[in-house]
Each structure stands twice: as C-alpha cells, then as structure tokens.
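One-letter residues, chain by chain:
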Amino acid sequence: MSQHPETIALHHGWRADPTSGSVAVPIHQTTSYQFNDTDHASNLFALSELGNIYTRIMNPTNDALEQRVAALEGGVASLALASGQAASAFALQNLAKTGDNVVSSTDLYGGTWNLFANTLKDQGIEVRFVDPADPEAFRNAVDDRTRAFYAETLPNPKLHVFPIAEVAAIGSEYGIPLIMDNTACPILCKPLEHGAAIVVYSATKYIGGHGTSIGGLIVDGGNFPWGEHKDRQPALNTPDPSYHGAVWVEATAPLGPVAYIIKARTTLLRDLGSAMSPFNAFLFLQGLETLPLRIHRHCENASRVADWLSGRDEVTRVIHPGKQDGKTRARADKYLSGGYGGLVGFELSGGREAGRKFIDSLELLYHVANIGDARSLAIHPASTTHSQLTPEEQEQTGVTDGYVRLSVGIEHVDDIIADIEQALNKAG
Ligand code: PLP
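None of these values were measured; they are calculated from a predicted model.

Before going further, it helps to examine the sheet that holds strand S5 (residues 178-181). Strand order in the open sheet made by the 7 strands is S1-S7-S6-S5-S4-S2-S3, with mixed pairing throughout. Unpaired on one side and paired on the other, strand S1 (77-81) and strand S3 (126-130) mark the two borders of the sheet. Sheet twist, expressed as the mean angle between neighbouring strand axes with direction ignored, is 20°. Pairing of strand S2 (residues 101-105) with S3, which is carried by 5 bridges, proceeds in the parallel orientation. Note that in S3 the partner of Val-103 across the bridge is Arg-128. Against the sheet, helix H5 (residues 110-122) engages S2, S3 and strand S4 (146-152), with an angle of about 135° to S3.

This is the structure in structure tokens:
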C-alpha cells in the first residue's frame, strides 16, 4: 500500500464494485442487509463473523470512507459519525463513565467546551481543564479515575500547536491515552505518529471542504496497550453487560488491535444512534479525494494573507503559526509539516466596531461560523461565537474585541487579499 496521502485519498478501501464495476464508491442507501441464512445472521450478531447488519451500525459506503481516513492517519480502523460533536463525545464516553474524569486542554472549539463542561458533567464525567502551554499540567491533574487526555492539535483562535508527544508520553506512564482533535490540520499533522492513541475529526471542515455536509470520524491508532492497564481502563477490560459480558480487549483480539473502535461502534453507536448517512459518507469521499492537494493551497494562501496583514497599520497583531516565535513556534514546526494550516487571526486597532465593520464590508469572503471550506470565510468572534462569554473568559480563549478570524480558502490569493483590503479600508 502506498504511504503517500495523495494516492491513499484516491484509492484506499475501494477498487470497483464487484458486480457493476462502478469505480465511484456507490451510495448504499439501504437500512438493512439480507442474511444468507439464520446461522449467518446469528454469527454476525455474535461478532464471530464480520459483516453488514443494519446501517445504524455499519454501511459499505461509510466503510470505504472509514478505511480511507484510517489509512491517511496511519491508524487501524475508524468510525464515521453524524457530526464532529458526536465523534468528540463518543471518543470520551467510550472510556469514561460516571465518577471517572478526563483531563483536557483549555484550548477547545466552543462546542466541545460546552459538551465537556456541561453535558458530560451532567452524565457524571468530570472534565478537568488545564493550560496546554505546560505539558506537566496534564500530569498534575491525573488521579486514579482519569481515563483519557484530550486536546486539539491546532486550536483557534490562539493557533498554538499542542505538545502532542510530550503529553502522550506523560499519559503512557499512567496508561492514559491521548485523544487528539485534528480537525484544523489533516494531512499536515498525523497525531498517531507523535504518540496519540485516538484521532477525532469534524469531517464537516477540511475533509469535506465543500461545506455541504456535517460529519465526524474517530480513528483508532491501534497503538495503545489497553490490556496492560486493566485497572486504569476498565471499559475495555471488564465484562460489558450490554454485550453478553464481553471483555472488549479479549473479544476483539482475533481481529487485531481494534478493541476501542469496535466497542464504540457496537455499543455507543448501536445505543445512541449518531450514524453518518451513507449519502454524507459519499460526499466526504468526494472531498477527501482532493484533500491532500487542497490543504497545501489553504496553507500557502493563509501564509500570504498573514504576511500581507502584518504590513497594515490598522492591524495590531496577526495570529498565525508562521508568525509565532519561541516555544510556540517550535511546536508548530515540530508538529505541522507542509504548511501552517488555513486559519489566520488578526486584531484591529479600532476594536469591536472596526471588527464588525470589516465583516460587514466583505464581498468575496463569506460571513459564517464554519472553518475549512474551500471558500474563504470570516467571523468576528466577540460579537458572535464568543459573545456569551464574559470579557475575562474571552481573554482567556484569546478573543479580543478587535479580533477577526479568517479561514483562508483556495481562491486565487490576489482576490482574497483584494477583498480583505477593501473591507479594511471601509472599517477604517
Ligand atoms: N472540533 C473542532 C475543532 C471544530 O471546529 C468543530 C466545529 O466547528 C467540531 C469539532 C464539531 O464538529 P461538527 O460541527 O461537525 O459537529
């Protein structure tokens, strides 16, 4: 198998349909799959034979996407879900239950923050937030009930790259896996290569790139020794009453190191039902085919925009990994290869009013809450995504009154810069 993302993204997990010869992965728009006979059916339900049962749990179109994303990450298997939110929730719920805790970076997407601080808390799972600038903060928050570490590789708005290897190494001392949300930098970073155990994506962003579909994925690295940490990881090492008392590490051993992802599929997805529709899986496959090409254009354009913004008088600060220095820059250079991603932040000296005026004056860039679209996007967080936060909380997350976030697309860079320029001129 090729190790090159350009080739994997086009070929892995599918060749052609065995009956029709279809080269494109067909949309298997079916709820169910006919069993050969009753033995076949009971073997599938008992997991003694792998195969399709019901589309809530598996589907051949989703399977092609899952295999392709797992291969791109260097993982052993993956699970497609209805959204990135479902992927983040499942990633933790698969290991932690009432009374357990997880240590997470503070630098998170707002939706993930809400999920961790409120919904998981209501479910009895405590998320302990620590500043990722110091990896030792993760160690200091560990206790006997800590089941996982969680972080984003390239969190916005700060765009400080997370110290993956450092925190993964701390986790491995305790039998704690590191789960990385790599949504903002697919291809550029492969967290599993740096010691992470699980990778989470909102496919809604760069993987799709077309801005048509919501979806998420969890990739199992197959590199975490769950069975060596029986006390630390009870979810995978003690009998699961929801599956005839199966001990996941043992029950899945004949299939390879896939205990984590099989449990997520056969229990959480079965019970909570956040399945990706086959149609969306098909659309994500279309996006994925060109992701290795697109992501580099995003990076090139974003770097050009960051450079250009640095030369403007009304711009007091440009936030972009390529503009950082010291330890932060060293981490960006260590963990991102081939570019610094497509996100750029900047601060306007005119504060909140200038930020709003800038957004309202854009003609080419879209004013949306999304990132990772092939089109260029912009938002003023202080008056939108972060408006419910107190000024202190806004400051902690890196959002100031004059802060504008750009998700730089793949249009011709001159057109992107021309639009930013005319909007800056109007914002004053
Ligand atoms: N993770 C990150 C880094 C995100 O930016 C988002 C969405 O903005 C999510 C997760 C959630 O993904 P979704 O919107 O697909 O549920």
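Before going further, it helps to spend a moment on the site of the ligand. Every residue near the ligand is listed here: Ser-83, Gly-84, Gln-85, Tyr-109, Glu-152, Asp-181, Thr-183, Ser-202, Thr-204, Lys-205, Ile-214 and Gly-215. Contact between the ligand and Asp-181: a nitrogen atom at 2.6 Å from a side-chain N or O atom of the residue. One of the side-chain nitrogen or oxygen atoms of Ser-202 is found 2.8 Å away from an oxygen atom of the ligand. Given that more than half its atoms are within 2 Å of the pocket grid, the ligand belongs to the largest pocket. The residue makeup of the shell around the ligand, split by class, is 2 nonpolar, 7 polar and 3 charged.

The N-to-C vectors of helix H11 (residues 278-310) and helix H15 (residues 413-427) enclose an angle of 35°; their axes lie 10 Å apart at closest approach. Crossing geometry of H11 relative to H15 is assigned as right-handed. Facing H11, whose interface residues are Asn-301, Arg-304, Val-305, Trp-308 and Leu-309, H15 presents Val-413, Asp-414, Ile-416, Ile-417, Ile-420, Glu-421 and Leu-424. Of the residues belonging to the contact of H11 with H15, the class tally is 8 nonpolar, 1 polar and 3 charged.

The subject of this paragraph is the nonpolar core. In terms of nonpolar packing, the biggest core is built from 60 residues, with Leu-65, Phe-149, Phe-162, Ile-164, Leu-178, Ile-207 and Leu-217 touching the most fellow members. Examining the composition of this core, we find that 7 residues originate from one element, H11, more than from any other. Setting aside its immediate chain neighbours within four residues, Ile-207 contacts Tyr-201, Leu-217, Phe-284, Gly-287, Leu-288, Leu-291 and Arg-294.

Attention shifts here to the packing of helix H3 (residues 60-73) against H11. Close contact between H3 and H11 brings their axes to 8 Å; oriented N to C, the two are set at 35°. Where H3 crosses over H11, the two elements pack in a sense that is left-handed. Contact residues: H3 offers Thr-61, Asn-62, Ala-64, Leu-65, Arg-68, Val-69 and Leu-72, while H11 offers Pro-278, Ala-281, Phe-282, Phe-284, Leu-285, Leu-288 and Glu-289. Within the contact of H3 with H11, the residues separate by chemical class into 10 nonpolar, 2 polar and 2 charged.

Let us look at empty space enclosed by the protein. As enumerated under the stated definition, the model contains 2 cavities of 30 Å³ or more in all. Estimated volume of the largest cavity: approximately 60 Å³. Lining the largest cavity are 13 residues, and of these Thr-55, Ile-57, Met-58, Asn-62 and Arg-265 sit closest to its centre. For the lining of the largest cavity, the elements supplying multiple residues, two or more each, are H3, S1 and helix H10 (259-272). For the lining of the largest cavity, a count of residues per class yields 7 nonpolar, 3 polar and 3 charged. By volume, the second largest cavity amounts to about 50 Å³.

Here we take up the sheet that holds strand S8 (residues 315-319). With mixed pairing, the 5 strands of this open sheet are ordered in space as S8-S9-S12-S11-S10. Where the open sheet ends on each side, the last strands, each with one partner, are S8 and strand S10 (366-367). Direction of pairing for strand S9 (residues 343-348) relative to strand S12 (residues 403-407): antiparallel, over a ladder of 5 bridges. Of the residues in S12, the one forming a bridge with Glu-347 is Tyr-403. Across the sheet, helix H13 (residues 351-361) is in contact with S9, S10, strand S11 (377-379) and S12; its angle to S9 comes to roughly 130°.

Cut-offs applied
Residues numbered from 1 in each chain as written. Predicted model: local features only at pLDDT ≥ 70, side-chain atom pairs only at ≥ 80, totals over all residues. Heavy atoms only, no water. Pairing = 2+ DSSP bridges. Helix = DSSP H or I, 4+ residues; strand = E, 2+ residues; numbered from the N terminus. Axes fitted to C-alpha atoms, helices over the stretch in contact; angles between N-to-C directions. Contact = heavy atoms within 4.5 Å. Near = heavy atom within 4 Å. Polar contact = N/O pair within 3.5 Å; in protein donor to acceptor, adjacent residues only side chain to side chain. 1 Å grid on protein atoms, 1.4 Å probe; cavity = no way out; pocket = protein on both sides within 12 Å on 5 of 7 lines; lining within 4 Å. Sits in = over half its atoms within 2 Å of the grid points. Nonpolar A, V, L, I, M, F, W, Y, C, P; charged D, E, K, R; others polar. Left-handed = near helix turned anticlockwise from the far one by under 90°. Core = buried A, V, L, I, M, F, W, Y, C linked by side-chain atoms within 4.5 Å. Buried < 20%, exposed > 50% of the residue type's maximum accessible area, 1.4 Å probe, protein only. Points joined across faces, edges and corners; volume = space filled by probe spheres on them.

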